[in-house]
Structure formats: C-alpha cells, structure tokens
Amino acid sequence: MAKSYEIAVIGGGPGGYMAALRAASLGKKVMLVEKEFLGGTCLNRGCIPSKTWLKNAEILESMERAKEWGIETPEISVSFGKMKRRKDEVVTRLRNGVSLLLKKGKIDVYEAEGIVEDEHTVKAVSEKGEERIRAEKIIVATGSSPALPPIEGLASVPCYTSDTIFDIESIPASLIIIGGGVIGVEMATVFAALKTKVTIIEAAERIIPAEDAEAAETLAKALKGKGVKIITKATVKRLTNEGETVVAECADGQGNPLAVTGDAVLISVGRKPNLSAVRTIGLEMNGPFIKVNERMETSVPNIYAVGDVIGGCQLAHAAYMEGIVAASNAAGLDKRMDDKVVPRCIFTLPEVAGVGLTEEAAAKAGLRVKTAKFDLAGNGKALISGDTGGFVKIVYEEKFGEILGVTMVGPHVTEMISEASSFISLEGTVEEMAGMIHPHPTISEAFFDAAWKIFE
C-alpha cells in the first residue's frame, strides 16, 4: 500500500523546503523528495558559493586599497584550494541546517527523483527502486538549470556554467564570460580580483540590461577599472581551440567579425526550467515555464508550482515567499503572491540593488514620474570607505510623491534595499522619507539625502 501524505513537495531548493516547512507548521503531514542536495541551486551552486568567493574578492580589493591609506602589507598571495575548501564548508553547514529544520518539522525526506504521475500521485525513483506516494496536494519546486546557447564548438572547448565554475581546478590566466547579466558580472568581479584577465561578451546594449541604465554604466566603469574588458552588442558565433587557447568568434551589432581569446569560457546567458517531473500531466505553460496564478496554482487541480520552474525573477527570496503562498493555499488557507516588491541584488564591487520600477520601466508603462538622485561622492561614510562611485536614485509618482522604485549602487546597498522595499510596500512618499532621521555617518542616509534634495 502506497504511503500517504497531505502535501508532497518535489524539490529541496528555497521554494521547496520553505513550502514544506510552512505546510508542516500548519499541522500537515508532509514529504519532500530531492534527487541531489538539499538547498537547491542557490545554496549548492549559486548564491552561497558565489557570495563566499565575492567576500574573498572584497578582502583582496580592500588589501590593495589599504596601501594607499598607509597600511603596508607583504605581497598578497592566494591559496585557491583554501578558497574552495572554505566555500565547501559554508555550503555544507547551511545544507545541514536545512536538513535539521526539515527534521524538526517532522518532514519525511526522500533522496530520489520525484515524478508527478497525476494530481495525487508522486513516483520517487532512486537506486533502491521506485515508490509511489499518494498526496492530497503536490507542490512542484524543481528549479532550473543553466541554459546553453547554440554556439558552434561549445562542447569542444574548456567551458563552464554557473553550476560548474565552482569546480574549476585552478585560477585561469584569462576567462571569456558569455553573458553580462547578474551571474556574469559577479563572476567577473571574482576573477578580476584573482588577477584573471576577464572579457565579458554581452548581446544587449549594456551589461545588467534589466537594471537602471545609470547603474549599469557605473558598474561597467568600475569593472573596467579592475581590468575587465566589456564588449556589448555582440554575439558569439563559434568557439574553437588554438593550442591551449580558446577563440570566441563574434559578430558585433553591425555584423562585423570580432575575435576574443581566453583560457576558458563561462556561459551565463540565463536558466531553463527543470520540467522532467511534470512532462506527462499536461500542465498549461507560460512560454517554457509552468503557468501559475497568484495562489501558485497550476492548471491541474491540487498541483502548485513555485521557484525557477515558473520563471519570473528567478530569485531565491522570491521562491521562499512563493513556497509559503503555495503551502498556505494547499493547507486550506487563502493567500496570494505579491511580486511587485521583490528586491534585486547584484553582489559586485560596488554592489547594485533595486526594487520596484526603474526609471526606464516607469516611462515604458506610461507613468508620470520624477526622479531624485544623490551621488555617494557627497556621503561621509562613502568617503571614509573610499567607495564614492555609487548613488541612490528614487523614482516617484509626480502628483503625490509615492515612491515607486529605488536603485542603489555602492557598498552594502544589498543590505540597505530592504528599507526601500518597506517604503514601497507601505506606499510611502518622498516627503515621508525626507522627514525620517537616518544615522550619520552611514551609506543609508543617502536614501534620505536623495529625498531631501526634492524639498531643500
């Protein structure tokens, strides 16, 4: 007789384990099936490993800058092996933490591949065999995988993705990064700090094309200052080996040929949903992704979906909330996902963070908005830290002053963006922000300064 649960979750990433924990907290009997490691891409191959390496990059940059401030150090050396071991230690500790939370929640975890056979049946496939599990509700959280573009010769060159770059054996002398989105610019920051000669090739007109244009320009300037070469409006047509060197044959925006060389290639052009768990049940799709409504319900009754597999912003913190919403509804509550205020963070040096509408998005939507901007060159803490190249920009509604979006570039802005998120969630205005007292000297007071400029 098949085991039976009230809620079955397929996938142990942020959306999946959060859904399982929420369902268990509501008193439901829950199981979770995960074929690889708990924590998903974010913990094992994405957010956590990359930010661990980015912390190393930050320290290396600080040590270099310290020389200008009269702090002399011997020649800096890097043990890449120790860097990798520390990354593995951080990942393992957090993975064990997820396992402990699931255990405390009395959630049964199956180490297997989960396949949805119908609206009440999950097949768990492992080396031990197959097991069918009955469930009143099913939550699909199977995540995504790196997308590989159809580039001739891709399989014949030393090539990494965002999933495999953390397994690289040694620091390459030069690296070609195809894709100037979030992953591309973060990895460029890491390897530039390790003295790798980095070239970014981006098809759009600028790096991080989904973010504010001035933020992209500021980040590009900073990366170029670290020795990173950025080629925009270019597509890679072919990859070949010339001895131990990789040659990327490109075409610029006018179709003119261009060749870029490097020791290895990193592909970072986006991610595709993992759909093997649901291919046979006829779910309605939204392009390549599973279509859901604001309750995270799919087109098949009793089946929900969350995280990268449904597309959208594909961010771990969004998946957390999607998992909570799906589990709440699967448990009989009525909860809806509000994805209008999802902070976006890029952990480069300087960091870039945004929430709500960018200036360009507001204009495209036909909204009557104004902007206020404060440069960190006038911020005391930024001057003290030697990080004056960033800014805070507020996009606000013209008539009533409601804050609709905020972009921040500078040190620690990924920590600061939640204040902007709170203001947007609570429909706060620039006048209210200008009336708030911020601590001095801090980078965060630049948010106040941007609003104050409107009324001074």
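Note that the structure is a prediction, hence the values are computed from the model and not measured. (Residues numbered from 1 in each chain as written. Predicted model: local features only at pLDDT ≥ 70, side-chain atom pairs only at ≥ 80, totals over all residues. Heavy atoms only, no water.)

Asks: Account for the sheet that holds strand S14 (residues 257-262), with residues named and values stated.
Replies: Reading across the sheet, the three strands line up as S12-S13-S14 and stay open at both edges, with antiparallel pairing between neighbours. Among the strands making up the open sheet, the edge pair consists of strand S12 (235-242) and S14. Direction aside, the axes of adjacent strands within the sheet are offset by 25° on average. (Pairing = 2+ DSSP bridges. Helix = DSSP H or I, 4+ residues; strand = E, 2+ residues; numbered from the N terminus. Axes fitted to C-alpha atoms, helices over the stretch in contact; angles between N-to-C directions.)

Asks: Provide a residue-level description of the sheet that holds strand S23 (residues 391-397), including the pertinent values.
Replies: One open sheet accounts for five strands, arranged S20-S21-S24-S23-S22; its pairing is antiparallel. Among the strands making up the open sheet, the edge pair consists of strand S20 (344-346) and strand S22 (369-375). Put simply, the sheet's adjacent strands are angled 10° from each other on average, direction ignored. Where S20 meets strand S21 (residues 351-356), three bridges bridge the pair, whose relative direction is antiparallel. The partner of Cys-345 across the bridge, within S21, is Ala-353.

Asks: Please set out helix H1 (residues 14-25) residue by residue, giving values where relevant.
Replies: In this model, H1 (twelve residues) spans 16 Å end to end at C-alpha, consistent with the 16 Å of a helix rising 1.5 Å per residue. Among the residues of H1, Pro-14, Gly-15, Gly-16, Tyr-17, Ala-19, Ala-20, Ala-23 and Ala-24 are the ones counted as buried. Packed against the buried residues of H1 are strand S1 (3-10), strand S2 (30-34), helix H2 (40-45), helix H4 (80-104), strand S6 (129-140) and helix H7 (316-330). Positive phi shows up at Gly-27, right after H1, with a value of about 85°. (Expected span 1.5 Å × (residues − 1). Buried < 20%, exposed > 50% of the residue type's maximum accessible area, 1.4 Å probe, protein only. Contact = heavy atoms within 4.5 Å.)

Asks: Residue-level account of the pairing of S6, with values.
Replies: Strand direction decides the pairing type here: S1 and S6, joined by seven bridges, are parallel. Pairing of Val-9 across the sheet is with Ile-139, part of S6. Here strand S5 (residues 121-126) pairs with S6 via six bridges, running antiparallel. Its bridge partner being in S6, Thr-121 is matched across the sheet by Arg-134. Hairpin connection of S5 to S6: two residues between the antiparallel strands.

Asks: Report on the packing of aromatic side chains, specifying residues and quantitative values.
Replies: Counting across every chain of the model gives seven aromatic pairs. Here a set of aromatic residues connected by ring pairs shows up, and it is made of Trp-53, Phe-80, Phe-166 and Phe-191. Between the NZ or CZ atom of Lys-29 and the centre of the ring of Tyr-5, over which it lies, the distance is 5.1 Å. One cation-aromatic arrangement involves Arg-95 over Phe-37; the distance from NZ or CZ to the ring centre is 4.0 Å. (Phe/Tyr/Trp six-rings, centres within 6.5 Å; stacked < 30°, edge-to-face > 60°. Lys NZ or Arg CZ within 6 Å of the ring centre and 35° of its normal.)

Asks: Can you lay out the pattern of salt bridges for me, pointing to particular residues and giving the numbers?
Replies: Scanning all chains against the criterion turns up 30 salt bridges. With a shortest N-O distance of 3.8 Å, Glu-64 and Lys-67 are connected by a salt bridge. Note on Glu-64: relative accessible area 34%, which makes it partly exposed. On the accessibility criterion, Lys-67 (36% relative accessible area) is partly exposed. (Salt bridge = Lys/Arg side-chain N within 4 Å of Asp/Glu carboxyl O.)

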